[in-house]
Amino acid sequence: MAIRYNIRMAGVGGQGVVTGSHIFSTAVINAGGESTIVPFYGSEKRMAPVESYVRVSNEPIYEIGEITFPHIIMIYHPQVITHGKSYTNPFYFGLKQNGVALINNNGPMKFDSDQEAELKALNAKLYFLPATQLSLDVAGMDLATNMAMVGAIGAITGLTNLEALGTAVKDRFLGKGFVVSGGTAALDSVVERKFKKKQELIDKNLAVVKAAWDYAVENGWTAGASSMADQTKAKAMA
Amino acid sequence: MSEAVEAEVKTNPQGDPVSSAPVAPPAASGRKDPHGDAKKQREVTADHMFFEAPREREFITGSEAAKEAVRRSNVDVAIAYPITPQSETMQLIGVLYGEGYVKEYYRGEEEYGVMSAIAGASRAGVRCFTATAGPGTLRGIEPIASWPGHRLPAVAMFTCRVVNAPLAIQPDNIEIAYLLNCGMIVFHAENQQDLFDYIMKGFIISEKNDVTLPVGVACDGFFVTHARGYCSMQDRSMKLPARDPYRGAVPVLDAENPPARLSRDAPVQKSNFMAYNIHGVWQQEVWAAVERSRKYIDYYMEGLVEAQNVEGADVLIIASGSAAAQSREAVRLCTEKGIQAGFIKIRSLRPFPTNELRQLCAKAKLIVIPEFNYVGWLAKDVATAIYGFSKAKVVAGPHVYGGMSMPVEMIVDEVECGLTGKKSHTVPESHIMGTVDPAAMAQFMKSI
């Protein structure tokens, strides 16, 4: 039986949503799985909506295009929800029954009563990860927010591991390079200057990945019969 | 074999861009010949290239797959009109020209000029390639529609986009509907690998004596051209045999046989035009040539269709292009829900796999045909082909258009609705054939 998660990542320009999706996708492949990504954005500018779609599986993936009905949604910036900065509104549109929403926010958010009711009907699991705060605390800057999101989702799905994530991060900054666009390349050089050295950049990014992974484990997002990581293990054993 | 090839002489060497004066060739130095690798390419038989030569897998875009196919296809002329929204394909073919893999290359005025020039080049007896998309296809369609009648072998790639206003840049394969009735051979590629294979095999099938027709290789733009996928390719040191112009069904252009000969021939001429009956016979011959290409498609492309799990399946999903990729996943989801669904991918739209479908669909109870266009051209062809040979309910849908992605769940929904009789969310009843409502059936048949 195929293990399959369709993940919709939504965030705003400059946060590294597409980079995050690429790193997570590569990490799944590094860990022996299959994965594809489809980025989706309009004009490249800071704080403009960005979506990226990642499919992960243990079997070949034929499907193409955007993901309308995800198993998992990842919200990189609270404004995606509070300001509707997204191609998909409300943010949980299309989420499958028993799906997971991993949201970057310091503590639970309050939704209006209709949305609360819909999320309840979906039996959606809402996980609030203080990703930007973790990035600030661990790396000293907010630009590793995407690393926190990627670390947490790695733990939640159980389809990759910290070592494979580490290799993916190193590939991204030291390898042949996956240049998404001119804008991203320019941002890369800014990030690199801020971190002075690439090695320092990689170490700090990895520290954020690990911190978020641990946060997900400590909060029980990976434990229990209904967790995706456990289902992955159960399916793999069966 | 390569020693026997004459040194290449450009008929239009690139001049100085300002003065147009010819630029002296660089003095022979230790510099690497940019055409060096291309000159070392050796011709192999089509059978060796397709069936025997070892392949290596690469992770490339569809446009790159098309480039690699052309690199190995011994192409003489490629003509580009870099319309947007298109793809990088013709730009990459320009790179091949720089490397010497394509002998002549230029940018046309627009698509009408490009498609007309392809006609001229093919008539002169050389192997031709071009690519266009969406509005470009329709701008070029008058000369494209004349290619089969002139019996011109060539391969044209159509990276399907939206054609009607407002424009979009993602795929909608409505333009294939226009190509289906031209008398050309039309293949529909699902992914990067198909694109690579169909282009190379297209040249060989196109130039068979009893075919002598253009081949259109369509794919759904953006999803295939701009996205990366795995593509297994033969070594680039090999190329297909060159086109033999004297093997064609009609003579190629030369000074002794002017192209106007046909319309000057008395028996053919009535007033200033061809006699109607001659034109009628000519059209019959074009479509007969389309029919005769079946055996080559069977031989080189493993058949006009690919069928999976059809035996014993009550439900069949039939698709071409990107919809085939989505359908493979739909079959997987159906299996998880306990529904046994079979899958048929249609590789060749012209000729159409009529007999294959009649056999494969004979026992099916439900057929779902997802498409990336509004009108459902594939469903109409399938329904027409199997009418009287299958009692299946045929769902002409789901459809997405204007560049939308097709969620796999939409296809699964149609399977479930079709089986349970539940009302579909997206497919109107007039697009469901074989239900008890004769009015809805009549409405659909009217639009065929």
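Source: prediction; values computed, not measured.

Each value, and the rule that gives it
Residues numbered from 1 in each chain as written. Chains lettered and ligands numbered in written order. Predicted model: local features only at pLDDT ≥ 70, side-chain atom pairs only at ≥ 80, totals over all residues. Pairing = 2+ DSSP bridges. Helix = DSSP H or I, 4+ residues; strand = E, 2+ residues; numbered from the N terminus. Expected span 1.5 Å × (residues − 1). Buried ≥ 20, exposed ≤ 12 C-beta atoms within 10 Å, placed from the backbone. Axes fitted to C-alpha atoms, helices over the stretch in contact; angles between N-to-C directions. Contact = placed C-beta atoms within 7 Å. Parallel < 35°, antiparallel > 145°, perpendicular 65-115°, else oblique. Nonpolar A, V, L, I, M, F, W, Y, C, P; charged D, E, K, R; others polar.

(A) Up close: the sheet that holds strand S18 (residues 393–395) of chain B. If you walk across this open sheet you meet the six strands as S13-S15-S14-S17-S18-S19 (chain B), and the pairing is mixed. Of all the strands in the sheet, the pair left with one neighbour each is strand S13 (305–308) and strand S19 (432–433) of chain B.

(B) Examining helix H1 (residues 17–30) of chain A more closely. Residues and elements named next belong to chain A. An ideal rise of 1.5 Å per residue puts 20 Å on 14 residues; H1 measures up with 20 Å between its terminal C-alpha atoms. The buried fraction of H1 amounts to 12 of the 14 residues, a majority that puts the element mostly inside the structure. Val17, Val18, Thr19, Gly20, Ser21, His22, Ile23, Phe24, Ser25, Thr26, Ala27 and Val28 are the residues of H1 that are buried. The positive-phi residue at the C-terminal boundary of H1 is glycine 32, with phi of around 100°.

(C) Looking closely at the sheet that holds strand S6 (residues 154–160) of chain B. Residue and element names in this part refer to chain B. Strand order in the open sheet formed by seven strands is S4-S3-S5-S6-S8-S7-S16, and the pairing between neighbours is mixed. Because the sheet does not close on itself, it has two edges, and the strands there are strand S4 (104–107) and strand S16 (348–350). With strand direction ignored, the average angle separating the axes of adjacent strands in the sheet is 20°. Packing of helix H9 (residues 192–206) onto the sheet brings it into contact with S6, strand S7 (185–189) and strand S8 (214–220), and relative to S8 it is tilted by some 170°.

(D) The arrangement of helix H8 (residues 198–218) of chain A in detail. Residues and elements named next belong to chain A. Taking 1.5 Å per residue as the helical rise, H8 with its 21 residues ought to reach 30 Å, and the 30 Å between its terminal C-alpha atoms agrees with that figure. Within H8 the residues assigned to the buried category are Leu201, Asn205, Leu206, Val208, Val209, Ala211, Ala212, Trp213 and Ala216. Phi turns positive, to about 75°, at glycine 220, one or two residues after H8.

(E) Seen up close, the pairing of S8 of chain B. Residues and elements named next belong to chain B. A large share of S8 lies buried, amounting to seven of its seven residues. Side chains Pro214, Gly216, Ala218 and Asp220 project from S8 onto one buried face, and the interleaved Val215, Val217 and Cys219 project onto a second face that is buried too. Where S6 meets S8, seven bridges bridge the pair, whose relative direction is parallel. Note on S8: the bridge partner recorded for phenylalanine 158 is alanine 218.

(F) Quick look at the packing of helix H5 (residues 145–157) of chain A against helix H9 (residues 228–237) of chain A. Residues and elements named next belong to chain A. At a closest axis distance of 5 Å, the pairing of H5 and H9 adopts a crossing angle of 45°. By the angle between their directions, the pair H5 and H9 is classed as oblique. Here Ala155, Ile156 and Thr157 of H5 come into contact with H9, specifically with Met228, Ala229 and Thr232. Split by residue class, the contact of H5 with H9 holds four nonpolar, two polar and no charged.

(G) Inspection of the interface of chain A and chain B at higher detail. Taken together, the eight residues of chain A in the interface contact 13 residues of chain B. Here the side of chain A that touches chain B is composed, by residue class, of four nonpolar, two polar and two charged.

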